[in-house]
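# Commentary on secondary and tertiary structure
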There are 2 protein chains.
Amino acid sequence: MRVLGVDPGLTRCGIGVVEGVAGRPLTMLGVGVVRTPADADIGHRLVAMERGIEEWLETHRPERVAVERVFSQHNVRTVMGTAQASAVAMLCASRRGIPVTLHTPSEVKAAVTGSGRADKAQVGAMVTRLLRLDAPPRPADAADALALAICHIWRAPAQNRLQQAVAAHHARKGHTA
Amino acid sequence: MRVLGVDPGLTRCGIGVVEGVAGRPLTMLGVGVVRTPADADIGHRLVAMERGIEEWLETHRPERVAVERVFSQHNVRTVMGTAQASAVAMLCASRRGIPVTLHTPSEVKAAVTGSGRADKAQVGAMVTRLLRLDAPPRPADAADALALAICHIWRAPAQNRLQQAVAAHHARKGHTA
């Protein structure tokens, strides 16, 4: 399974592409950030963000896109930019028919470090180890995007089993799955 | 000047198209809402929103798009949907090279009723009067979108004068405007 992770942000949007299956060594296919100029107007920033994300999708053709779920505890200005960047990422993926899954920051941290409260350094260290990199990816947004992709690959079997159980339940009840 | 106003929302996004210049009677060219199903996944809702807004832009070819500035006082869940819908609207407009302007709710209320604290009924009544309609547009999101477009047309002369002053200042200083 090839997953493109997105750590959304309007100034720096982290992107990481990981391939693999749960229980086997994972491979990093690409990592980077899409940047938009903070002094440009919002419309142009969103167009630049769309162009950048499209390039990543076009180059790597992921089967799944995993996006960090935006949360309330940030201040409102940050949340706005994050929500806007994540909207562009989800739009681009869905337009191509690529399924999008949201993961909370604590799900991601728990998946790669074992603790939902791990700090950035710990996440970076585990991403480096799990992908057998020479050094933690920079900036931190890029490492977080890789962690999202890893989290998605590892959680996918459980999610698929759940979907199959729901489908089987509906089939038994005579509904279409 | 033909302006398309957007009152952003993921479940109901109000759209209103108004033509005219400040100081002259205004004409409503269209009003409605783009709806996306609340039970669909977010990616599909954003794709549906993009398609709906593109149809409005294609049909009416506005010279300007005015979008309500999203604010902090709403609850976070509402703000997220609003931010995502407004991101799609700004992206669609900017991709077509249409300038986008954000107006705060109080700017819009003050423009059409004289008070930044006017309620929805008052805004609806003034939109009805200013556009010489038989009844207030429904739902309220549609009336708000028309109010945004009216606000933009009326504020535009001041904004243009400001832009011209800035340009003249730069020209005097020997900068490119």
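Calculation criteria
Residues numbered from 1 in each chain as written. Chains lettered and ligands numbered in written order. Predicted model: local features only at pLDDT ≥ 70, side-chain atom pairs only at ≥ 80, totals over all residues. Heavy atoms only, no water. Pairing = 2+ DSSP bridges. Helix = DSSP H or I, 4+ residues; strand = E, 2+ residues; numbered from the N terminus. Axes fitted to C-alpha atoms, helices over the stretch in contact; angles between N-to-C directions. UniProt positions renumbered as here; feature names shortened; annotations may be inferred. Buried < 20%, exposed > 50% of the residue type's maximum accessible area, 1.4 Å probe, protein only. Contact = heavy atoms within 4.5 Å. Least-squares fit on C-alpha atoms with pLDDT ≥ 70 in both.

### Some words on the sheet that holds strand 3 (residues 27-35) of chain B
Residues and elements named next belong to chain B.
- An order of 3-2-1-4-5 is seen for the five strands of this open sheet, with the pairing classed as mixed. Edge positions in the open sheet fall to strand 3 and strand 5 (100-103), since each of these has one partner strand only. Taking the axes of each pair of neighbouring strands and ignoring which way they run, one obtains an average angle of 20 degrees across the sheet.
- Bridge count between strand 1 (residues 2-7) and strand 4 (residues 64-68): four bridges; the pairing is parallel. Residue valine 3 lies in a different strand from strand 4, and its bridge partner there is arginine 64.

### With respect to the UniProt feature "binding site: Mg(2+) 2" (unreviewed entry) in chain A
All names here are of chain A.
- Here, the residues flagged by UniProt with the feature "binding site: Mg(2+) 2" (unreviewed entry) are Glu68.
- Position of glutamate 68 among the secondary structure elements: in strand 4 (residues 64-68).
- The buried category is assigned to glutamate 68, whose relative accessible area is 19%.
- Aside from chain neighbours lying at most four places away, what touches glutamate 68 is Val6, Asp7, Pro8, His103, Pro105 and Leu148.

### Here's the deal with the relation of the copies chain A and chain B
- Superposing chain A onto chain B takes a rotation of 180 degrees combined with a translation of 0.0 Å along the rotation axis, leaving an RMSD of 0.0 Å. Given the turn and translation reported, the copies of this chain are related as if by a two-fold rotation axis. Measuring from the rotation axis to each C-alpha of chain A, the shortest distance belongs to glutamine 84 of chain A, at 2.7 Å.
- Counting the interface residues of chain A, we find that 100% of their copies in chain B are interface residues as well, pointing to one common contact surface.

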